[in-house]
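# Coordinate analysis (summary)
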Amino acid sequence: MTSSADTDQGGGMPVTASGGGIAAPLLAWFDRHGRHDLPWQQDITPYRVWISEIMLQQTQVSTVIPYFERFMARFPDVAALANAHEDDVLHHWTGLGYYARARNLLRAARRVQEEHGGEFPRTLEGLCALPGIGRSTAGAVLAIAGGTRAPILDGNVKRVLTRLHAIEGDPTQSATLSALWDLADTLTPAERCADYTQAIMDLGATLCTRSRPACPLCPLAEACVARAEGTPTRYPARKRSRRLPERRCGMLVIRNDAGEFLLEKRPSPGIWGGLWSFPEIGADDDAASACEYIAGEAPLTVQRGTPFRHTFSHFHLDITPVHLAVPGLIGHVLEDQRLAWYKPGQRALGLAAPVKKLIDALS
Ligand code: SF4
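Residues numbered from 1 in each chain as written. Predicted model: local features only at pLDDT ≥ 70, side-chain atom pairs only at ≥ 80, totals over all residues. Heavy atoms only, no water.

## Some details on the domain arrangement of the protein chain
To keep it simple, the criterion reads: Segmentation of the chain into domains, including their bounds, is taken from an automatic or database domain assignment. Two residues form a contact once any of their heavy atoms are found within 4.5 Å. The buried area of a pairing is the accessible area, by a 1.4 Å probe, that goes missing from both parts when the two are put together, added over both. We define a salt bridge as a contact between a side-chain nitrogen of Lys or Arg and a carboxyl oxygen of Asp or Glu at a distance within 4 Å. Throughout this description, a polar contact denotes any pair of N or O atoms lying within 3.5 Å of each other; where both atoms belong to protein, one of them has to be capable of donating a hydrogen while the other can accept it, and for residues adjacent in sequence the pair is counted only when both atoms sit in side chains. Numbered from the N terminus, helices here are DSSP runs of H or I no shorter than four residues, and strands are runs of E no shorter than two. When residues are grouped by polarity, Ala, Val, Leu, Ile, Met, Phe, Trp, Tyr, Cys and Pro land in nonpolar, Asp, Glu, Lys and Arg in charged, and all others, Gly among them, in polar.
Entries for the protein chain in the domain assignment read domain 1 (23–234) and domain 2 (246–362). Distance from the C-alpha centre of domain 1 to the C-alpha centre of domain 2: 36 Å. Taken together, the nine residues of domain 1 in the interface contact 14 residues of domain 2. Around 900 Å² of area is buried between domain 1 and domain 2 when both sides are counted, 52% of it from carbon and sulfur atoms. At the junction of domain 1 with domain 2, the criterion picks out two salt bridges. Here Lys 265 ties to Asp 87 by a salt bridge, and the two come within 3.1 Å at their closest N and O atoms. Summed over the shared surface of domain 1 and domain 2, the result is six residue pairs in polar contact (both at pLDDT 80 or more). Looking at the side of domain 1 that touches domain 2 element by element, the count peaks at five residues for helix α5 (residues 86–93). For the side of domain 1 that touches domain 2, the residue count by class is three nonpolar, two polar and four charged.

## Re the site of the ligand
Put simply, the rule reads: The cutoff for a nearby residue is simple: one of its non-hydrogen atoms must lie within 4 Å of the molecule or strand. Lining residues are those with an atom within 4 Å of a point, where the points come from a 1 Å grid over the protein atoms alone and group into cavities, where a 1.4 Å probe fits but cannot get out, or pockets, open sets with protein on both sides within 12 Å along at least five of seven lines. By definition, a pocket or cavity contains a molecule when more than half of the molecule's atoms lie within 2 Å of the pocket's grid points.
With respect to spatial proximity, the complete set of residues near the ligand consists of Arg 163, Cys 208, Cys 215, Cys 218, Ala 221, Cys 224, Arg 227 and Pro 232. In a pocket analysis with a 2 Å cut-off to the grid points, the ligand is assigned to the largest cavity. Of the residues belonging to the shell around the ligand, the class tally is six nonpolar, no polar and two charged.

Written as structure tokens, this is what we have:
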């Protein structure tokens, strides 16, 4: 990271925001101030870059680091991931959210293993044909792991480019997105593609931040139209915020004498698809009857817990946990692959975030 004394602009070279003029000052800044010791910057392979890029979508570096390290310890290469059980992969993703990413990782690893002999495709088209890999992720894999000239356009880069050129449009709209891809392509140099890719992501993550861009420290300040206008945080245009709908549900926290919880595997695709959760009922449904139907025995006790809210990108879910005690182990549910008795710490399962929270609180 830069200090307040480090205000050089990349050796004082002239900077323009068009015609590829940002690479030299950006790389000079990166050499001095960029991040070089992140775990995925060591032992670089397409597999490690790919995993890190997927984890970093919607998630900050500091959060990703321990997840990345645990994931690599368990699944060190694409063959290990391809051979993994989905529950194990989701277990290593528990808490990162957006679980479709983890399911797609597994599907893509199996495709790489089966269709490409364990080697990642070396073309944009080949990578983009794999589940969950878009143009920006493919570009990052090609550039960082292969040194190939391929532009990227993740959230950080979108923010830098919209400010650099004072692009007014909403980046989620296709016309703006297309203009941004053209700009990203124009600015990406032919040399040092891996460093340039890392550098522009670093600039967005460390200096050109969403609410407090550090323009006086920025190597692109001279070229930046938004800085010249004095209103960098106007860019990128924000989506008009809309009020999220609210939904309600009950969760059956069924526990037996052995301290095990009855969990249900969520259907995939869908909310928390493939993860294990407490059986869900309507907010006003009769929990005791539902428990008897699912577990095969009437509960000994029923206690409604305090409702809490879990917010998804597109709605709020108000959850009321209902605690139910059932006698002993109930055999028939164990035969159903969608139901399982779960003892915390004894088995690696991917848990939905509110479920993990409730189990942690109760254990
Ligand atoms: S000058 Fe400021 S707004 Fe412009 S790219 Fe640099 S940090 Fe971002």
